[in-house]
Number of protein chains: 2
Amino acid sequence: MSTLTSLKTQERLLDRQAANSIRQQIVNRTMPPGHRLLEAVLARELEVSRGTIRSALMQLSNEGLVRQVAFTKWEVAPASVEEAWELYTLRSALEGLAASLAAQYASPAERDGLSRVFAELEAAANADQREAAADADFKLHKTIVAMSGHKRLIRDHERIILQVRFQMTHIGFAPRETRDLIDDHRDLTEAVLKGDAARAEQLARTHNSAEVKRLLDANARQPSSGTPGANTKKGD
Amino acid sequence: MSTLTSLKTQERLLDRQAANSIRQQIVNRTMPPGHRLLEAVLARELEVSRGTIRSALMQLSNEGLVRQVAFTKWEVAPASVEEAWELYTLRSALEGLAASLAAQYASPAERDGLSRVFAELEAAANADQREAAADADFKLHKTIVAMSGHKRLIRDHERIILQVRFQMTHIGFAPRETRDLIDDHRDLTEAVLKGDAARAEQLARTHNSAEVKRLLDANARQPSSGTPGANTKKGD
DNA sequence: GATAGAAAGATAGTCGACAATCGTCAATAG
DNA sequence: CTATTGACGATTGTCGACTATCTTTCTATC
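The structure reproduced in this document is the subject of the present report.

Calculation notes
Residues numbered from 1 in each chain as written. Chains lettered and ligands numbered in written order. Predicted model: local features only at pLDDT ≥ 70, side-chain atom pairs only at ≥ 80, totals over all residues. Heavy atoms only, no water. Helix = DSSP H or I, 4+ residues; strand = E, 2+ residues; numbered from the N terminus. Buried < 20%, exposed > 50% of the residue type's maximum accessible area, 1.4 Å probe, protein only. Contact = heavy atoms within 4.5 Å. Areas by Shrake-Rupley, 256 points an atom, 1.4 Å probe, with all protein chains shown as cover. Phe/Tyr/Trp six-rings, centres within 6.5 Å; stacked < 30°, edge-to-face > 60°. 1 Å grid on protein atoms, 1.4 Å probe; cavity = no way out; pocket = protein on both sides within 12 Å on 5 of 7 lines; lining within 4 Å. Points joined across faces, edges and corners; volume = space filled by probe spheres on them. Nonpolar A, V, L, I, M, F, W, Y, C, P; charged D, E, K, R; others polar. Least-squares fit on C-alpha atoms with pLDDT ≥ 70 in both.

### Examining the overall build of chain A
Secondary structure assignment for chain A yields 10 helices and 3 strands. Overall, chain A shows an N-to-C arrangement of helices and strands of α-α-β-α-α-β-β-α-α-α-α-α-α. Scored against the burial criterion, the 236 residues of chain A give a buried share of 46%. Restricting the contact set of chain A to residue pairs at least 6 apart, pairs at least 24 apart contribute 72%. Counting every atom, chain A has about 11,900 Å² of accessible surface; 50% of that belongs to carbon and sulfur.

### Describing the packing of aromatic side chains
Residues and elements named next belong to chain A. By the definition in use, this model includes 2 aromatic pairs over all chains. Ring plane angle 80 degrees and centroid distance 6.0 Å describe the contact between tyrosine 88 and phenylalanine 173, whose orientation is recorded as edge-to-face. Placement of tyrosine 88 in helix H5 (residues 81-105) and of phenylalanine 173 in the loop between helix H8 (151-171) and helix H9 (178-194) is noted, with a sequence separation of 85 residues between them.

### Quick word on empty space enclosed by the protein
Residues and elements named next belong to chain A. On inspection of all chains with the given rule, the structure shows 3 cavities of 30 Å³ or more. Quantified by volume, the largest cavity comes out at close to 40 Å³. Considering the residues around the largest cavity, the lining is formed by Arg130, Ala133, Ala134, Pro175, Arg176, Thr178 and Leu181. For the lining of the largest cavity, the secondary-structure elements that each account for two or more residues are helix H7 (130-147) and H9. If one sorts the elements of the lining of the largest cavity by residue count, H7 sits on top with 3 residues. In the lining of the largest cavity, the residues fall into 4 nonpolar, 1 polar and 2 charged.

### Considerations on the relation of the copies chain A and chain B
Between chain A and chain B, the superposition needs a rotation of 180 degrees and an axial shift of 0.0 Å, giving an RMSD of 0.0 Å. Given the turn and translation reported, the copies of this chain are related as if by a two-fold rotation axis. When each C-alpha of chain A is compared by its distance to the rotation axis, Ala93(A) comes out closest, at 2.9 Å. In this assembly the copies share their binding face: 96% of the residues contributing to the interface of chain A also contribute to that of chain B.

See below:
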């Protein structure tokens, strides 16, 4: 069975495999924001045809990691405070909804699972293992979203988180002190477990809003722009 | 200039054109939920290659209008109360965020635009033109989302609305009485115009929540399932 | 010297043919 | 009669070659 189970996980479609490979290199920082992606080069390196690479790049484009200029080029998506702001605000709205639904509808088994994930976070944070704590942080939010039973929400959230991590690493926006993580997440976890939908939603939203504020504050003294909403509009 | 302006709108890429054509047929009800899509047939009908059709179908799959079973088939996405429930809850979260951002950051010109769109809705509703009123309804929400200046939000919202309309037509979920539309939307519009972010968000959310409730109530007496969240889970 | 236009090189877009996979149905064994 | 196996047909997955478009570079002209 050891070899059989792997088939479930292993991707059979070449374009998916190619997308996974490229995605990995992007989140690995091997390919930084703005890095140009040549179809022919990728095709040669991954030993597939250009059509397959095209399909993979389109997927990554839908995930927000890659951008295309028609007839011209593909490149890794840019990283900026504006992009990060968009991601965090969206994440806040999505996780608010998820927390509310999870509190209302999650099964006992799922609630047990959430307790365990929180315990992992607590352990990692108390041991001051930054990497592990950050992973556990994301895992906890992912768990709550999964508990919502909302398929589109789960899918969209996964994409947002992927982009958040990408932006964070390239924008120099570090996670908070590990110990600070615990209190925030304990309250949220308890609200979900207790079935207090309104409070769970509120906590999920303010949790993310606080991160947005921290992001903007950290960037306020930087030379770049001022207002968030990419308000470089035609307006007035 | 009459022929030149059309170039802006006219899609130059064949796969986009193909996607537009198929999308049109889906929202037109020419292709109902579950309708099978054969690459070869579409290629012949639209006079493009199968690869181009494949690309188009992948786009539509990302928009949620089409589903794929790997190595087997493409088909038009199913319509059900569960799908509609997902769409409405997501829409509520997205429009709540959009209303808040629009109230805070929109330019004076954009606010004027919103006033005009509301006037259109009011006129159509008072004249009891159902079709026009429904269109104006969607247009108003789209306008508010656009005012948020949040690119991802705008993009995602457009996709959700497309799916909402698709589900509505196939699930037999009619819009409310035209006159009822006015009051709801007046309050929301005024809150956005006034810059009252909290109230705008609240109204946008409850507005959609009311629709979710109406959807579930209308379906409660139907033979199909009961609970919303597709809670056909493994959990005990 | 600057600028407009044309040619050339590089790269993405499209196509038709071939390969891999799946579902069906008939043949056969129990 | 039922269940398993194998071959066949239909459909999707992948590939390499060709075409269209963009960008850059070179040249000619003012």
